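Each chain, letter by letter, is given below.
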Amino acid sequence: MLVAMTAMLVSVAEFSNILSVLAVLMCFCAMFLLIMRNMTVFWLHGEELMFGGNAVHPVQQRIPQMKMMKVHIPFTFKLHETSNSSYSDLRCTISSQVPYTLQAFWGVSIRELHHFLWKAWSSFQTAVKDDSLLRGHYQHCGLTLHETSHTEKTIQMFMPEGKLDLGTPPRHCYPLVIFLIRDTPENSTLHPDETVALVNVVHIRDNVCTLPTNILAQYLKQANGQLSSLKQLYLATGNALSYQDDACSDDASQRAVVLDNGGGSLNTSQEQLCVVCQYYPLSRALLPCRHTCICASCFGKLETCPMCRSPIKSYFCVRNEDYLADCALGLEKTGASAKRQAFSQWIQNSITEFLGLH
């Protein structure tokens, strides 16, 4: 009897030890399953739940890029920056890589000018040949020149005797319009995208409109009949780029033209750097403000222009973005490193919280 009871107590003690071991194993398995379940939930619902704000997430591009085309402009036209520019003394600098005809008109009807600009290139050629350019739609005929290609040359203009009737603001006539039209031999064939004319609309200061003398608008005509309005780009320094350097033009059909600046290597002394990172070269022009101030890497992190704070509606590239591969590699390394650090920190915090050590 005593032996039987002793054997039973020994069996119960051994069974108790087995139960303790099983309980510890069950608790360990439950804890492991709980951790794995939480990790799965966190990964399914986004890394930010696990890693918080330390994770690096690629931002989906929402701002559209404008389609661009490269156009060579053989003409340059610049006004002399003098306060004395007037109807009696207006000086400008012109250069051309092709033979051309210059024709200036004073007091041009705004409506008729824009109507004529949309005509085909053949109409321009015929009008120049017949000396009927804008006939009947201007008040005074100005300077007419037939030139070959040349470097920068200063030309002085003045209005013939008489007064201009430009109308009361808003005026119905432009003070001065200057055509630079390419001379092409008969039966010659031009590429459809070739530039054939540059039209310059000039405002001249007077008693009614006291704004400084300046170029109101410049229109680019191509052999295929396409008409574009040239717009200046603004560098991060605040300086405006003229069309002979890096120019943008938007036309009525929502196309844009930009000159190719040839790209360049990264971080050369000739390049201006992004105003945000100060490392990559600026390569994107923002619209509608036309500030050229950021690189492709920083562009994805912004919704407003860093220069003027206006919303970014679209953009276009002003140079090759061959540095994007290095940029993507750097972001990938940075993101992977941040994820590892965040994961290690999360594991450490979880263990500390589970053990009750704060």
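With an unreviewed UniProt entry as reference, the protein is termed RING-type domain-containing protein, source organism Acyrthosiphon pisum.

**Q** Explain the nonpolar core to me, and be specific about the residues and the numbers.
**A** Formed by 28 residues in total, the largest nonpolar core has its most connected members in Phe77, Met157 and Leu176. Breaking this core down by element, the ones donating at least two residues are strand E2 (75-79), strand E3 (90-96), strand E4 (100-109), strand E6 (150-157), strand E7 (173-182) and strand E8 (195-203). Setting aside residues no more than four positions away along its own chain, Leu176 makes contact with Leu90, Ala104, Phe105, Trp106, Met157, Asn200, Val201, Val202 and Ile204. Among the nonpolar cores identified, the runner-up in size contains 22 residues, and Phe116, Val128, Val196 and Ala197 belong to it.

**Q** Residue-level account of the UniProt feature "domain: RING-type" (unreviewed entry) in the protein, with values.
**A** Sites flagged by UniProt as "domain: RING-type" (unreviewed entry) map to residues 274-309. Secondary structure content for residues 274-309 is 11% helix and 22% strand, while the C-alpha to C-alpha distance between its ends is 16 Å.

**Q** Can you break down the pattern of salt bridges residue by residue, with the values?
**A** All chains considered together, the criterion is met by 7 salt bridges. The closest approach of N and O atoms between Asp89 and Arg91, which form a salt bridge, is 3.5 Å. Using a relative accessible area of 37% as the deciding quantity, one classes Arg91 as partly exposed. Taking the shortest distance from any N to any O, the salt bridge between Arg171 and Asp206 comes out at 2.9 Å. Linking Arg171 in the loop between E6 and E7 with Asp206 in the loop between E8 and strand E9 (214-222), this pair joins segments that are 35 residues apart in sequence. Accessibility assignment for this pair places Arg171 and Asp206 in one class, buried.

**Q** Account for a nonpolar patch on the surface, with residues named and values stated.
**A** There is a patch of nonpolar side chains on the surface, built from Ile18, Leu19, Val21, Leu22 and Leu25 and spanning about 440 Å² of accessible area. Checked against the element boundaries, Ile18 lands in helix H1 (residues 2-44).

**Q** Explain unusual backbone geometry to me, using residue names and the numbers behind them.
**A** Cis geometry marks the peptide bond from Pro169 to Pro170; its omega dihedral reads -5°. If you trace the backbone, Pro170 turns up in the loop between E6 and E7. With an omega of 10°, the peptide bond between Leu287 and Pro288 qualifies as cis. Look at Gln278: it is not a glycine, yet its phi comes out positive at around 55°. With respect to the helices, strands and loops of the structure, Gln278 is situated in the loop between strand E14 (256-258) and strand E15 (284-287). Residue class for Gln278 comes out partly exposed when judged on its relative accessible area of 49%. Positive phi values are uncommon outside glycine, yet Arg290 reaches one of about 65°. Relative to the helices and strands, Arg290 resides in the loop between E15 and strand E16 (291-294).

**Q** Tell me about the confidence of the model for the protein, residues and numbers included.
**A** Across the protein, the average pLDDT comes to 77, with 71% of residues at or above 70. Scored below 50 in pLDDT, residues 44-51 makes 16 contacts in the model with residues more than four places away or belonging to other chains.

**Q** Summarise the sheet that holds E2; cite the residues concerned and give the values.
**A** Strands sit in the order E2-E3-E6 across an open sheet of 3 strands; the sheet is antiparallel. Looking at the sheet topology across the chains shown, the edges are occupied by E2 and E6. Across the sheet, the mean angle from the axis of one strand to that of its neighbour is 20°, orientation sign disregarded.

**Q** Break down helix H3 (residues 110-117) for me, with residues and values.
**A** Here H3 has its buried residues at Glu112, Leu113, Phe116 and Leu117. One side of H3 holds all its buried residues, which, seen down the axis, span an arc of 135°. Turned more than 90 degrees off the buried face of H3, the exposed positions are Arg111 and His115. Against E4, helix H4 (121-130), E7, E8, E9 and strand E10 (227-231) lie the buried residues of H3.

So, how was this worked out
Residues numbered from 1 in each chain as written. Predicted model: local features only at pLDDT ≥ 70, side-chain atom pairs only at ≥ 80, totals over all residues. Heavy atoms only, no water. Core = buried A, V, L, I, M, F, W, Y, C linked by side-chain atoms within 4.5 Å. Buried < 20%, exposed > 50% of the residue type's maximum accessible area, 1.4 Å probe, protein only. Helix = DSSP H or I, 4+ residues; strand = E, 2+ residues; numbered from the N terminus. Contact = heavy atoms within 4.5 Å. UniProt positions renumbered as here; feature names shortened; annotations may be inferred. Salt bridge = Lys/Arg side-chain N within 4 Å of Asp/Glu carboxyl O. Patch = residues over 30% accessible without salt bridge, like charges linked within 9 Å, V, L, I, M, F, W, Y side chains within 5 Å. Areas by Shrake-Rupley, 256 points an atom, 1.4 Å probe, with all protein chains shown as cover. pLDDT = per-residue confidence, 0-100. Pairing = 2+ DSSP bridges. Axes fitted to C-alpha atoms, helices over the stretch in contact; angles between N-to-C directions. Arc of directions from axis to C-beta.

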